[in-house]
Amino acid sequence: MTITRMVPGRWVEGTGAVLGPPLLIAGALARIGEDDFFPGQLAAYAADPGRMAVSYALFTAGVVLLWPAATGLARRIAATHPGLARWGATLVVLGLFGRVFHAGVSHLAFQLVDVLGLEAARRAVADTYGAFHVFKAVSVCIMAGWVVLAIGAYRSKALGTFRCVALALGSALPLGVLKGTSDPISLAALAGLAVALVPFGVGVLKNGPAPRWWAVALTVALVPGAYVLGTYG
């Protein structure tokens, strides 16, 4: 089976490209002005837990939605440059796995603030921040994936030159646990992903027939249903 016939398919990929970058930007803006390193992020959570929890949730949701966005772009690149498509998509997705892992550790750190208090949580995070984990190996993927995918998009003409440069800016987004995203470099990286992927996603969604009504209804019901089952199951 070729990459052009593989899942997740047009609707998932297009939706991921349209919604992923705006969710990332919303998450970043929700914690703008806070210190970008972990003591400041923990202090910000202690001062306003609701805002910081929403910020990290939006950002993580955006990270997850970038997975089908990357595979959708790789599908288009693969028509003329399958090698770059495979390498770019693989590196990007591995990097996204790493970011989701970082988000989980950040979530746990915030719970430590609730249970132990700010100072005890800060000491615990400081004492364990450099602990080994297998996802350290994907740090290079986080930085290189968007560049490789941008090169593939440029050589295949899947995106215009300006949008390819914008896509490559995604590699500048800081990585790690309890990292802020309000500095100019982070905001430029997020804006680049939006400029590159949102119009691409709109084009993907428009390029084909509308989904059947029952598929839309099932999808709308699935999201709250999955949340309820995950919370109370």
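Now for a description of the structure that goes with this document. Every value quoted in this text rests on a predicted model; they were computed, and no experiment measured them.

**A short note on the environment of Leu19**
- Tracing the chain through its elements places Leu19 in helix H1 (residues 10-30).
- A residue is classified by how much of its surface remains accessible, and Leu19, at 41% relative accessible area, is partly exposed.

**Digging into the nonpolar core**
- Of all hydrophobic cores here, the largest spans 33 residues; its most connected members are Leu73, Trp146, Leu149, Leu159, Leu167 and Leu197.
- For this core, the secondary-structure elements that each account for two or more residues are H1, helix H3 (49-77), helix H4 (82-116), helix H6 (139-156), helix H7 (161-168) and helix H8 (184-206).
- With sequence-adjacent residues up to four places away left out, Trp146 is seen in contact with Leu66, Val92, Leu167, Ala168, Gly170, Ser171, Leu193 and Leu197.
- By size, the runner-up hydrophobic cluster in this structure holds 13 residues, among which are Phe38, Met52, Phe110 and Val177.

**A short note on the pattern of salt bridges**
- Inspection of the entire model under this criterion finds 4 salt bridges.
- Between Arg75 and Glu13 there is a salt bridge; the shortest N-O distance is 2.4 Å. On the criterion of sequence distance, the pair formed by Arg75 in helix H3 and Glu13 in helix H1 is long-range, its members being 62 residues apart.
- For Arg75, a relative accessible area of 16% puts it in the buried group.
- Classification of Glu13 as buried rests on a relative accessible area of 3%.

Reading the values: rules and limits
- Residues numbered from 1 in each chain as written.
- Predicted model: local features only at pLDDT ≥ 70, side-chain atom pairs only at ≥ 80, totals over all residues.
- Heavy atoms only, no water.
- Helix = DSSP H or I, 4+ residues; strand = E, 2+ residues; numbered from the N terminus.
- Buried < 20%, exposed > 50% of the residue type's maximum accessible area, 1.4 Å probe, protein only.
- Core = buried A, V, L, I, M, F, W, Y, C linked by side-chain atoms within 4.5 Å.
- Contact = heavy atoms within 4.5 Å.
- Salt bridge = Lys/Arg side-chain N within 4 Å of Asp/Glu carboxyl O.

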